[in-house]
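# A structural walkthrough
Listed below, chain by chain, are the residues.
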Amino acid sequence: MRIFKHIHKPVCRAIATIIIFSILAPSSLYAQREIQTINDSWKFRKGECTAALDSTFKDDEWEDIYLPHTWNTDAYTEKDYYRGMGWYRRQIILPQDWIGKQVFLKLDAASKATCIYINGKKVGEHTGGYTASTLNITPFLSFNSPNMLVIRVDNARMDIPPISGDFTFFGGIYRDAWLIAVPSQHFNLTNHGSDGIFITTPRVSEQQATLSIHGEIRNDAREKAALELVHSIYHPDGTLLQTQKQFIQLKAGETRNFDSNISPILQPLLWTPETPYLYRVETTLFNCKTKSVVDQSNHHTGFRWFHFESNKGFFLNGKPYKLRGICRHQDQKPIGVALTDEMHRRDMKLMKEMGANFIRISHYPQDDAIIEMCDKLGMLAWEEIPVIDIVPDTPEYAENCERNLREMIRQHYNHPSIITWGYMNEILLVAQRKHKGDALKPVLERTLALARRLENALKQEDPTRISAMAFHGSNSYNETGLSQITDIVGWNLYQGWYGGDVTGFEKFLAEQHRNYPARPMIVSEYGAGSDRRLHTLAPRAFDFSIEYQQKYLEHYLPVLEETPYVCGGTHWNFIDFSSALRDESMPRINNKGLVYADRTPKDVYYYYKAAWRSDIPVLHIASRDWTRRSGVQQEGKPVMLPVKVYSNCPEVELFIDGTSVGKKKTENFTALFEVPFLRKEPFLSAHATYQGKPVTDGLRVGFTPIPDRLDKTNLNGLELAVNVGSHCFFTSDESHLTWVPDQPYTPGSWGYLGGKEAGTQTEIGLTTDGPLFQTLRNGLEGYRFDVPQGVYEVELLFTDIYRRNSSTAYLLGREGQQENRENAFRITINGKTVEDALSPCRTSGYFRALRKKYIVDNDTDHLEIKFHARSGNSFLNGIKIRHRN
Ligand code: GCB
Ligand code: CA
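These numbers were taken from a predicted model, which means no experiment stands behind them. (Residues numbered from 1 in each chain as written. Chains lettered and ligands numbered in written order. Predicted model: local features only at pLDDT ≥ 70, side-chain atom pairs only at ≥ 80, totals over all residues. Heavy atoms only, no water.)

### Section: the pairing of strand β38 (residues 639-647)
Within β38, seven of the nine residues are buried, leaving the element largely enclosed by the surrounding structure. By the bridge criterion, three bridges tie strand β36 (residues 619-621) to β38 in an arrangement that is antiparallel. Paired with H620 across the bridge in β38 is Y646. Examined bridge by bridge, β38 and strand β41 (residues 670-677) share eight bridges and lie antiparallel to one another. Looking at the pairing, P642 lines up with E674 of β41. (Buried < 20%, exposed > 50% of the residue type's maximum accessible area, 1.4 Å probe, protein only. Helix = DSSP H or I, 4+ residues; strand = E, 2+ residues; numbered from the N terminus. Pairing = 2+ DSSP bridges.)

### Concerning the packing of aromatic side chains
Tallied over the entire structure, the rule returns 45 aromatic pairs. Through a chain of ring-to-ring contacts, three or more aromatic side chains come together here, namely Y494, W497, Y498, F505, Y526, F542, F544, Y548, Y552 and Y556. The ring centre of Y596 lies 3.8 Å from the NZ or CZ of R532, which sits over that ring. The ring centre of Y752 lies 3.4 Å from the NZ or CZ of R777, which sits over that ring. (Phe/Tyr/Trp six-rings, centres within 6.5 Å; stacked < 30°, edge-to-face > 60°. Lys NZ or Arg CZ within 6 Å of the ring centre and 35° of its normal.)

### So, the packing of helix α9 (residues 546-562) against helix α10 (residues 603-612)
Two numbers describe how α9 lies on α10: the axes approach to 10 Å, and their chain directions differ by 20°. As summarised for this structure, α9 and α10 are arranged roughly parallel, according to the angle between their axes. As α9 runs across α10, the sense of the crossing is right-handed. Packed against α9, whose contacting residues are Q549, Q550, L553, E554, L557, P558 and E561, the element α10 presents D603, V604, Y607, Y608, A611 and W612 at the interface. Partitioned by chemical class, the residues of the contact of α9 with α10 number eight nonpolar, two polar and three charged. (Axes fitted to C-alpha atoms, helices over the stretch in contact; angles between N-to-C directions. Parallel < 35°, antiparallel > 145°, perpendicular 65-115°, else oblique. Left-handed = near helix turned anticlockwise from the far one by under 90°. Contact = heavy atoms within 4.5 Å. Nonpolar A, V, L, I, M, F, W, Y, C, P; charged D, E, K, R; others polar.)

### Here we look at the UniProt feature "domain: Glycosyl hydrolases family 2 sugar binding" (unreviewed entry) in the protein chain
In the numbering used here, UniProt assigns the feature "domain: Glycosyl hydrolases family 2 sugar binding" (unreviewed entry) to residues 37-183. Strand forms 39% of residues 37-183 and helix 0%; the C-alpha atoms that close the span are 19 Å apart. (UniProt positions renumbered as here; feature names shortened; annotations may be inferred.)

### Let's talk about the nonpolar core
Membership of the largest hydrophobic core comes to 153 residues, with the highest contact counts inside it found for Y423, L482, Y552, F574, Y783, F785 and F798. Of the residues forming this core, the biggest block, eight residues, is contributed by helix α6 (residues 440-461). Among all residues touching Y423, those that are not within four sequence positions of it are E384, I385, V387, L405, A451, L454, E455, L458, A468, M469, I485 and T486. Ranked by size, the runner-up nonpolar core spans 27 residues in total, among them Y88, W98, L105 and A181. (Core = buried A, V, L, I, M, F, W, Y, C linked by side-chain atoms within 4.5 Å.)

### Examining the coordination of the calcium ion (ligand 2)
Summarising the metal site, the calcium ion (ligand 2) is bound by the protein donors N723 (OD1), V724 (O), L772 (O), T775 (O), T775 (OG1) and N877 (O), whose distances to it range over 2.4 to 2.6 Å. Its six donor atoms give the calcium ion (ligand 2) angles of 72 to 164° at the centre, a pattern that matches the irregular case. If you list the donors of the calcium ion (ligand 2) from N- to C-terminus, the spacing comes out as N-V-x47-L-x2-T-x101-N. With a gap of 154 residues between them, N723 in strand β45 (residues 719-723) and N877 in the loop between β57 (875-876) and β58 (878-883) connect regions that are remote in the sequence. The exposure classification of N723 matches that of N877, with both residues buried. (Donors = N, O, S within 2.8 Å, 3.2 Å for Na, K, Ca; no water. Tetrahedral: all angles 85-135°; square planar, octahedral: opposite > 155°, others 65-115°.)

### Quick word on the side chain of R519
With respect to the helices and strands, the residue R519 is situated in the loop between α8 (504-515) and β31 (521-525). The buried charged residue R519 lacks any salt bridge partner; its closest oppositely charged side chain belongs to E511, at an N-O distance of 9.8 Å. Within polar-contact distance, the side chain of R519 engages the side chain of N478 at 3.0 Å. With residues up to four places along the chain from it excluded, the contact list for R519 reads S310, N478, S483, Q484, V489, W491 and Q512. (Lys, Arg positive; Asp, Glu negative; His and termini not counted. Salt bridge = Lys/Arg side-chain N within 4 Å of Asp/Glu carboxyl O. Polar contact = N/O pair within 3.5 Å; in protein donor to acceptor, adjacent residues only side chain to side chain.)

### A few points about the UniProt feature "domain: DUF4982" (unreviewed entry) in the protein chain
The positions that UniProt labels "domain: DUF4982" (unreviewed entry) are, in the present scheme, residues 641-679. Here residues 641-679 runs as 0% helix and 72% strand, with 13 Å between its end C-alpha atoms.

### Concerning the state of the cysteines
By definition, a disulfide links two cysteine residues through a covalent bond between their sulfur atoms. Under the definition given, this model contains zero disulfides. Cysteine C49 shares no disulfide, and the gap to the nearest cysteine sulfur, in C115, comes to 14 Å. Owing to a relative accessible area of 10%, C49 belongs among the buried residues under this scheme. No disulfide involves C374; its sulfur sits 13 Å from that of C327, the nearest cysteine. (Disulfide = S-S within 2.5 Å.)

### Overview of the environment of R304
With respect to the element layout, R304 can be found in the loop between β21 (292-301) and β22 (306-309). Residue R304 is classed as buried on the basis of its relative accessible area of 9%. When the C-alpha atoms of R304 and T201 are compared, they prove to be 8.3 Å apart, with 103 residues separating the residues in sequence. Ignoring any residue separated from it by four or fewer positions in sequence, one finds R304 in contact with V204, W271, L316, N317, P416, I418, I419 and R465. Side-chain polar atoms of R304 contact the backbone oxygen of P416, separated by 2.6 Å. A distance of 3.0 Å separates the side chain of R304 from the backbone oxygen of I418, its partner in a polar contact.

### Re the site of ligand 1
The environment of ligand 1 is formed by 14 residues, the closest being D166, E426, Y498, E525 and K592. Considered on its own, ligand 1 offers 320 Å² of accessible surface; in the complex 100% of this is hidden by protein. A breakdown of the residues in the shell around ligand 1 according to their chemical character gives five nonpolar, four polar and five charged. (Near = heavy atom within 4 Å. Areas by Shrake-Rupley, 256 points an atom, 1.4 Å probe, with all protein chains shown as cover.)

### A word on unusual backbone geometry
As a rule of thumb, non-glycine residues mostly have phi less than zero, and peptide bonds are mostly trans rather than cis. Cis geometry marks the peptide bond from P161 to P162; its omega dihedral reads 0°. Here P162 shows up in the loop between β11 (147-154) and β12 (172-173). Put simply, K333 and P334 share a cis peptide bond, and its omega is 5°. Residue placement: P334 occurs in the loop between β25 (323-328) and α2 (341-354). Despite not being glycine, K291 has its phi angle at roughly 55°, a positive value. Relative to the helices and strands, K291 is located in the loop between β20 (279-287) and β21. For K291, a relative accessible area of 40% corresponds to the partly exposed category.

### Observations regarding the side chain of N404
Looking at the element boundaries, N404 is found in helix α4 (residues 397-411). Residue classification places N404 among the buried positions, given a relative accessible area of 5%. Reaching out from N404, the side chain makes a polar contact with the side chain of E407 at a distance of 3.1 Å. Once you skip the residues sitting within four places of it in the chain, N404 turns out to touch T127, G128, T131, I160, P161 and I385.

Shown next, in the form of structure tokens:
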């Protein structure tokens, strides 16, 4: 029998409320589903320990931990972070009123694989580190005595994605763990980690929206059950719109599917990034005999429709929308991936605040808190599974990929924010590097086979969303046919970073569009690294200066915004994230973030905000990342240094210590000023007008002038520190000293004599000032300072980078120095030998910092340090002089 009620707001809202009350009135209105975390009171041990299975095992020596937890904080210091087993133990004492109920254990995520035991017996297992799993643990539980729950987690498995990639595969139970108890009649709670209720909105227009709800009901009791299934749909303002109910008879042990079509909702409030209206769908199971609610599930849904057009981009509810997006990894230094829900929500708020309307949840499914916020804040989403770089020839790998894909889709199916499911990222990158010629063929075949398999599974699970893959900038995806498989393609493009020039970006896009005019495209990644310690007046690719990242992004963003056939872009990455294999300027960190690891925005975050927020004034002096300034000063004159302001106001006026530097029209949301710096701590202020109202920003910075000509007066108290071989200022985090860019010697001043710039991306040991040692002048003759007589401290910095390094750094084609040599040189200061045959690699090892100080009594008008190669070549990485007396 089927009773169908359909009531429309607003006239009938009151009636609906009365009806629902009359059904449920005789007994409790509360759902009998009980849900609670079991994040507390865990014992943990790293390493294998099968003895721990035994309930009587003594774990007193184990670490006390709570969830979320990861054992891989070592990934911030070690390339070779721990991959293996970790054991978790915890007692579970069940409340007496759970007797007769079905009890489930849900792990929101444990990386990568789990084996679960209760009271010494194996309950089940799960493979996949980024999706939830739920087990019915009822048969294993005791109500008379404490239960011992033991979970073995393994993050070393190579048959579970990801097996390759530029991020850390943190191990542990790193999201919430839950116990759920329901009466014998309940919705299916073990459907691929989802709660078994699936909501679709088959037809949506401005006039009306349809809604259907699909699910499964189980009767775990020994007798039959008479049930009533009630769906209640609530308007975003909280009022009940309609209910639909249906009587269901279930035999003992029976499971039954239901498919309920809700009658159309008229004039639905459409879900958009600006108006993220959510309707609530409450699905209740009512036991007719006991007259009580036995189970209930609540979801939000939103009404929207969308499509992609190859010429015009993305459309939401029939209107064109540029997808203004970012990619987001889920870790935070120093805690790894063990983030709380509020930390996830903070990230979402920061992205929304910046003006983004789209997120690529990369490279794996993320916390429910993220997806919930996508719905609530109005962020369209692409979510994907971590099939990255290469498809291995490992049995079970494809199986695990497919299961993880189905889990992701079912677990996040009901979220209106999600428009795209993805399943492969740069899948030919490592494949092509590792295998050449004929050896590549089988790799390509299994890659294509897996792609087709995943595409089929995806469409089977969810024909309402769009499928996507992300490719690196290579035509091989077209040649192999991979780019024909999904609905849309994503390109990860780094022209002007890993190689080439930034203009290669628009050229690549234009070429793709010319060759494949029917194919919708997203720029699924683009980005450049930056390190707050590095600044320059002449930014270059891979110098990791803050300025190059800005320059790169200031080129890319207008292309994305102004190219109509590009649906949008997702910047790589929102955060500075953990990638244990990486070296570069900040070892273990990929520093392409718009915010630092601790989520402090970089200045460039405000470039996006200025470009994307037109609803509020944005005026930001882009020097928060560069507050310790320095510069070479000619004869006591002010030093001209650039100060950039990011703003969405038409014109900006900048002041230093109250004196105007001038007015500038903003172009591409930036106004760039050449500012005279003289005082030690000048105050910068910017003034603009937004919609007729004044807006200001102010900032105090530090300034240390470095004299071009050194004399008795300006040498006093000066530390003249030079970042030899580099065009960048480097400010040490530890000493706060700034090492100024290198310059050639000119008579009367100071600088290098001969040689050529060289550098490495390899991590430098024995220092935290890595970038200072990563650049050097190779083959230099000397360094000269024209200074008065006196006693000086001369400090020389060395690191020998001339060894082919075996580093596995994730460089996407950019290699460090590839020469093998051993260098030793004689050093003289003012003609006197201070080192007869210094070999920095012998003294402290290759890629390790070496600092040497010499006290020199100078009775001439200069300090001249000279290098004479004994073997190999001479080189110098940094130099500092200080006048003693
Ligand atoms: C990519 C990868 C991403 C890397 C990024 C990078 O193309 O998809 O995982 O982190 O480049 O920074 O190199
Ligand atoms: Ca240097």
